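# Summary of the model geometry
Single-letter residue listing:
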Amino acid sequence: MNLEDKINIVKDILKDKKVAIGFSGGADSSLIAYLASKVSSDVLAITIDNHLFPENFLKHTKDMTSEFGVKHHIIDINFYENEEFLKNLKIRCHSCRTLMYEKIKGYALENGFEYICDGNNISDLVADRPGILITY
């Protein structure tokens, strides 16, 4: 299957749906947001401001969502105020993802979105990324 076929499969899945996207502004979530902007009935990009990312992170996510013409919501979760995160245990990725995805899911459902997507890809599942499992 070539790349165009894969893109068309994603478009078919998102077509005419209300889609919320966990949006970091990286390549993967940007691709999903772009494709959704072309075929979905309503798109909302949700970004977590965890107070860890570089200074221009939020500006970048705002610029990208503006470019795609999709709504954008930022949820503030200060990880420096979270005791589990501050312990810096081996499961810290799981703790971070749990915090983020609970908020993303809650906001999306409260606002009537049928589908919640993010930019994870299959290679994330085989890499040493323990937090990725919380997504699924």
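A brief structural summary.

Rules used in this analysis
Residues numbered from 1 in each chain as written. Predicted model: local features only at pLDDT ≥ 70, side-chain atom pairs only at ≥ 80, totals over all residues. Heavy atoms only, no water. Pairing = 2+ DSSP bridges. Helix = DSSP H or I, 4+ residues; strand = E, 2+ residues; numbered from the N terminus. Axes fitted to C-alpha atoms, helices over the stretch in contact; angles between N-to-C directions. Contact = heavy atoms within 4.5 Å. Core = buried A, V, L, I, M, F, W, Y, C linked by side-chain atoms within 4.5 Å. Buried < 20%, exposed > 50% of the residue type's maximum accessible area, 1.4 Å probe, protein only. Expected span 1.5 Å × (residues − 1). Salt bridge = Lys/Arg side-chain N within 4 Å of Asp/Glu carboxyl O.

### What about the sheet that holds strand β1 (residues 18–22)?
Within the open sheet, the four strands sit side by side as β3-β2-β1-β4. Their pairing is parallel. Each edge of the sheet is formed by a strand with only one pairing partner; in this case those strands are β3 (71–76) and β4 (115–117). Across the sheet, the mean angle from the axis of one strand to that of its neighbour is 25 degrees, orientation sign disregarded. In this structure, β1 lies alongside β4, joined through three bridges in parallel fashion. If you follow Val19 over to β4, its bridge partner there is Tyr115. Along the sheet face, helix α2 (residues 27–39) touches β1, β2 (42–49) and β4 and points at about 165 degrees away from the line of β1. Across the sheet, helix α5 (residues 92–110) is in contact with β1, β2, β3 and β4; its angle to β2 comes to roughly 150 degrees.

### As for the nonpolar core
One finds Leu14, Ile21 and Cys117 to be the most contacted residues of the largest nonpolar core, which totals 14 residues. Mapped onto this core, the elements with two or more residues apiece are β1, α2, β2 and α3 (57–68). A total of four residues in this core trace back to one element, the largest contributor, which is α2. In this structure, Cys117 is in contact with Leu14, Val19, Ala20, Ile21, Gly22 and Ile32, ignoring residues within four places of it in sequence. In terms of nonpolar packing, the next biggest core, distinct from the first, is built from 13 residues, Phe85, Cys96, Ala108 and Phe113 among them.

### Examining α2
Here α2 spans 19 Å end to end across 13 residues, near enough to the 18 Å set by a 1.5 Å rise per residue. Turning to α2, its buried residues are Ser29, Ser30, Ile32, Ala33, Leu35, Ala36 and Val39. Buried positions along α2 lie against α1 (3–14), β1, β2, α3 and β4.

### Let's talk about the pattern of salt bridges
Throughout the structure, instances matching the rule amount to four salt bridges. A salt bridge links Lys18 to Asp42, with the shortest nitrogen-to-oxygen separation between them at 3.8 Å. Of the two residues, Lys18 sits in strand β1 while Asp42 sits in strand β2, which places them 24 residues apart along the sequence. Residue Asp63 pairs with Lys59 through a salt bridge whose shortest N-O separation is 2.7 Å. You can see Asp63 and its partner Lys59 sitting in helix α3, four residues apart, about one turn around the helix. A residue is classified by how much of its surface remains accessible, and Lys59, at 52% relative accessible area, is exposed. Residues joined by salt bridges that share partners form a network here, namely Lys18, Asp42 and Lys71.

Functional significance is not addressed by these values, which are geometric in nature.
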